[in-house]
Structure formats: structure tokens, C-alpha cells
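Notes for the structure review
Chain by chain, the residues run as shown.
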Amino acid sequence: MSAAGPRVPPRLATRMLETLLPEESREAVIGDLTESWEQSVDRGPMRAALRFWREACVALLSLQILPNAVSAYVPYTRESPVQAFLSDLRHAVRVLARARGFTLLCGATLAPAIGAATAIVSVANPLLLNAIPYPDADRLVMVNERAADGGGTNLGYATYADLRRDARSLSHSAAYGTWEPTVFGEHDAERLRGLRVTSDFFRTLGVRPMLGRDFVAEDDTPDTYNVVILGHGLWTRRFGADPGIIGRTIDLGGAKPVVVGVLPASFENVLDPTSQLYRALGYATQEWACRGCRHLRMVGRMRDGVTREASARELDALMQRMAEAFPAEYRGPVAGAVVERLKDRVTRDTRAIFVATLGAVALLLLIAMANVVNLQLARAARRVE
């Protein structure tokens, strides 16, 4: 031994570890202790040697290599899963703290991949996984009349009325069409985007007004349809969030409908995201209540326990029956219904893009993990040498 002390770990302690440690943990334990020795020897070889001996004895006792010698003094107690996890976590922190350069390199390798994965998942979650912000959204379906090419198209009010009356697979259903009124008042005139809806529209979606009431069947007739429900944004921006708006009329030029409700701020209309104003449809006996006027869309809520396939079969059969009764109004051999989940309709244009992006990010994460594994292997090979 030189005046400065030994420059290698204590050979006796190393030989003891090689002899007593089990083969599966021998290399890892000796490697960690040797690395700790190399990082602390410059601060004092003798102090490092004492620390090496202390950690070697702790490793032997904790692994129960000397059960007969220590059983009387160190009784064995089985760790709970939480204790075992915390013990492993503390060991990992100690190992990483001793190899700060290696830890920083692994972190720099994983951080970009984890960041990209987190960003993409945070965007994909509302657009793909939680795209429909309504209760029991998986039960909502879009019902379309089959077009000549086999796809779905709009339908007429009379078709909707027959489906609403006869379909047993749907608990609620509604028809809606676009509407572009101009609102007048104290502020400048403003052109709005709105929807004309049947009275069950919001009940079908599972949404309730924040103020006032929902549409009722009595509102949905040609003589009583002059009532509206405001979107929360329009109520706040145009009417100053005045709760006294309920029961008042608003000026739409040729009509002055009564405001009966205001929607909550959390409501998001995925069927028509720009809609701000909703009016009762009122088609019961009007000339637009026809079969050939395909200008409405239909949304339905399936009953509990009904599958999309079962609902599609029933609605298709009902529409084929209508085609037989009114052959001049339907498309002959191709007549029928096309039923798809509302979630699939909303995410149809973005799903492929986001799935491909998620795949690319997953591949990037796997490459980063493989790089970290290679770094671990290189570190272990350096120990062996």
C-alpha cells in the first residue's frame, strides 16, 4: 500500500463478494460497488475502502448470503409490494446519482421521444378517444338514406318521422338542418350560423340547457315553432350574459322568436361546430315535410344493449318498406339506411392521420429505448473489462 492508499478496491472484500454472492446478482453488485469506489477514491482512498467494506457487508446481509451468522441479529421479514418498490426506487436513485453523466445521457436520449409522445397523445385523446363529449356517446348514431353509390346522404322529414315512430332500437332521435339568420339589436347586425332542430335534439345528445328549458313537442309545430335556444358564446358576447334573456324576444329581421333557453359553456356541437343559435323545426304539416326533400340529417341514440349492427338492420328494413310503399320517392333497388356511429363520423377525416402519427411516435420511442439499452450494455461491457 502506498502512502496515498490503495488505488484498487479492497481485494479481500472483492474476493468475498465473488465467493458468497449468487451468480445472478454477482456482476451487478460488484460493478455498482466498484463504480462507487472509483468515484469516491479521489476524496480519500482509506475512506473509500471503509465505505466499500461497509457496502459489501450490507449487500451480503440484505441478500441473505450469511443467514446462519446473522439470523439471530437480523430477523428476516418479507417486504410488502410497496416496500419492495420503494426499496428498488431508492436503489435506482442511488445508482443514477453515482453515474450522473450516464443518467444525463439516458435522459437526453429519452426526453425528446417522451415529449413527442406526450404531445401527440394529448392532441389525439380529445380528437380520437374522447371525440364525443356527450353521455354514453357510443350509443349515438347517424342515420342516413342510402345513396346510389351505397354511401349515406340526407333524408326528408317524412322519412325521419316514420323512422322515429317505428324504430324500436332507438330511445331518442332528432332531425336537424342548417340555418343562417341575421340578428339585429343594440349592436351591429350580425349573420349567425344556426340549426333548425326537432324537439328531441338536445335530449338525444344528452344535453340540458344551463338557463331556461329545452324544446318540447308543443314547440315543434308550424304555429308554435317561433322559439329559440342560445349558445353560451352568443349569450355572453351578444347579450352580456344577461340571465333575464329568458322569455324575451330577439330581433331576427322578419321574425322575433322568444328565447326559452341558454346552453352551458361546456356544450360542444360536434355535428355543426359553428352553430350559435337553435330554432325549433316546426315541420309537422308544412310542404317541406316531404320524402324527396333530402335536406335534413338524423341523429339517434340506441337503447341500452342494442348494437349498431342490430339497429342498422332494423332501420334498413324500415326504409326498404317505405321504398316499397312510395317507389317514386326512393332510389328503387338501392333504397335503405346507412347507420354509423357518431364517433366514427366525427373522426373519419382525422383518424388515419393521427393513427399514422401515433405509429411514428411509438417507433421513435422504441428507438430511444433501444438506444438506452445499448448504453446499458456498453456500460456493463466496460465493467467486465
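Residues take numbers from 1 onward in each chain, read along the sequence in its written order. Local features in this predicted model are restricted to residues of pLDDT 70 or higher, and side-chain atom pairs are both shown and tallied only at a pLDDT of 80 or more, whereas totals for entire chains, interfaces and linings draw on every residue. To get the side-chain values, all heavy atoms of the structure are used, and hydrogens and water are removed first.

1. Some remarks on the pattern of salt bridges
What counts here: For this analysis, a salt bridge means a side-chain nitrogen from Lys or Arg found within 4 Å of a carboxyl oxygen belonging to Asp or Glu. Note on conventions: DSSP H or I runs of at least 4 residues are helices, E runs of at least 2 residues are strands, and numbering of each starts at the N terminus. For each residue, the accessible area found with a 1.4 Å probe, counting protein chains only, is set against the maximum for its type, and the residue is called buried under 20%, exposed over 50%, and partly exposed in between.
Overall, the coordinates contain 20 salt bridges when judged by the stated rule. Here Arg-193 makes a salt bridge to Asp-272, at a shortest N to O gap of 2.8 Å. Here Arg-193 is found in the loop between strand 5 (190-191) and strand 6 (194-197), whereas its partner Asp-272 is found in the loop between strand 9 (258-262) and strand 10 (277-280), with 79 residues between them in sequence. Residue classification places Arg-193 among the partly exposed residues on the basis of a relative accessible area of 27%. Taking the relative accessible area as the measure of exposure, Asp-272 reaches 8% and is therefore buried. Several salt bridges converge on common partners, so that one network encompasses Asp-162, Arg-165, Asp-166 and Arg-291.

2. Notes on the packing of helix 7 (residues 157-166) against helix 10 (residues 308-325)
Applied cut-off: Every angle, taken between N-to-C directions, lies between 0 and 180 degrees, and every axis is a line fitted to C-alpha atoms, over only the stretch in contact when it is a helix. Angular relationships are summarised with four words: roughly parallel below 35 degrees, roughly antiparallel beyond 145, roughly perpendicular across 65 to 115, and oblique for the angles in between. Helix crossings get a hand from a simple test, with the near helix turned counterclockwise from the far one by less than a right angle marking a left-handed crossing and a clockwise turn marking a right-handed one. Residue contacts are counted whenever heavy atoms from the two residues lie within 4.5 Å of one another. Nonpolar residues are Ala, Val, Leu, Ile, Met, Phe, Trp, Tyr, Cys and Pro. Charged residues are Asp, Glu, Lys and Arg, and all others, Gly as well, are polar.
Look at helix 7 against helix 10: their axes get within 10 Å of each other, and the N-to-C directions meet at 130°. On the basis of the axis angle, helix 7 is oblique to helix 10. For the pair helix 7 and helix 10, the crossing hand works out as right-handed. Each of Thr-159, Asp-162, Leu-163 and Asp-166 in helix 7 lies in contact with helix 10, whose residues at this interface are Glu-314, Leu-315, Leu-318, Met-319 and Met-322. Taken together, the residues of the contact of helix 7 with helix 10 break down into 5 nonpolar, 1 polar and 3 charged.

3. Digging into the side chain of Arg-196
We count it as follows: The term polar contact refers here to a pair of N or O atoms within 3.5 Å; inside protein, the definition further demands a hydrogen-donor-capable atom paired with an acceptor-capable atom, and it admits residues adjacent in sequence only when both atoms are side-chain atoms.
Here Arg-196 shows up in strand 6. Here Thr-178 takes part through its backbone oxygen, which lies 3.0 Å from a polar atom of the side chain of Arg-196. A distance of 2.7 Å separates polar atoms of two side chains, one belonging to Arg-196 and the other to Tyr-283.

4. As for helix 9 (residues 232-239)
In plain terms, the rule: Along the arc lie the directions from the helix axis toward the C-beta atoms.
Looking at helix 9, one finds that the buried residues are Leu-234, Trp-235, Arg-238 and Phe-239. When helix 9 is viewed along its axis, its buried side chains cluster within an angular range of 100° and face the same direction.

5. With respect to the confidence of the model for the protein chain
What counts, and what does not: The pLDDT value tells you how sure the predictor is about a given residue, anywhere from 0 up to 100.
Averaged over every residue, the pLDDT of the protein chain is 82; residues scoring 70 or more account for 86%. In the predicted structure, residues 67-76 sits below a pLDDT of 50 and forms 2 contacts with residues beyond four places in sequence or in another chain.

6. Here we look at the pairing of strand 10
As a reminder of what qualifies: In this analysis, strands are considered paired if DSSP registers two or more bridges between them.
Of the two faces of strand 10, the one lined by Leu-277 and Arg-279 and the one lined by Tyr-278 and Ala-280 are each fully buried. Of the pairings in the sheet, the one linking strand 6 to strand 10 comprises 4 bridges and is parallel in character. Note on strand 10: the bridge partner recorded for Arg-196 is Arg-279. Where strand 8 (residues 227-230) and strand 10 come together, 3 bridges link them in antiparallel fashion. Note on strand 10: the bridge partner recorded for Leu-230 is Leu-277.

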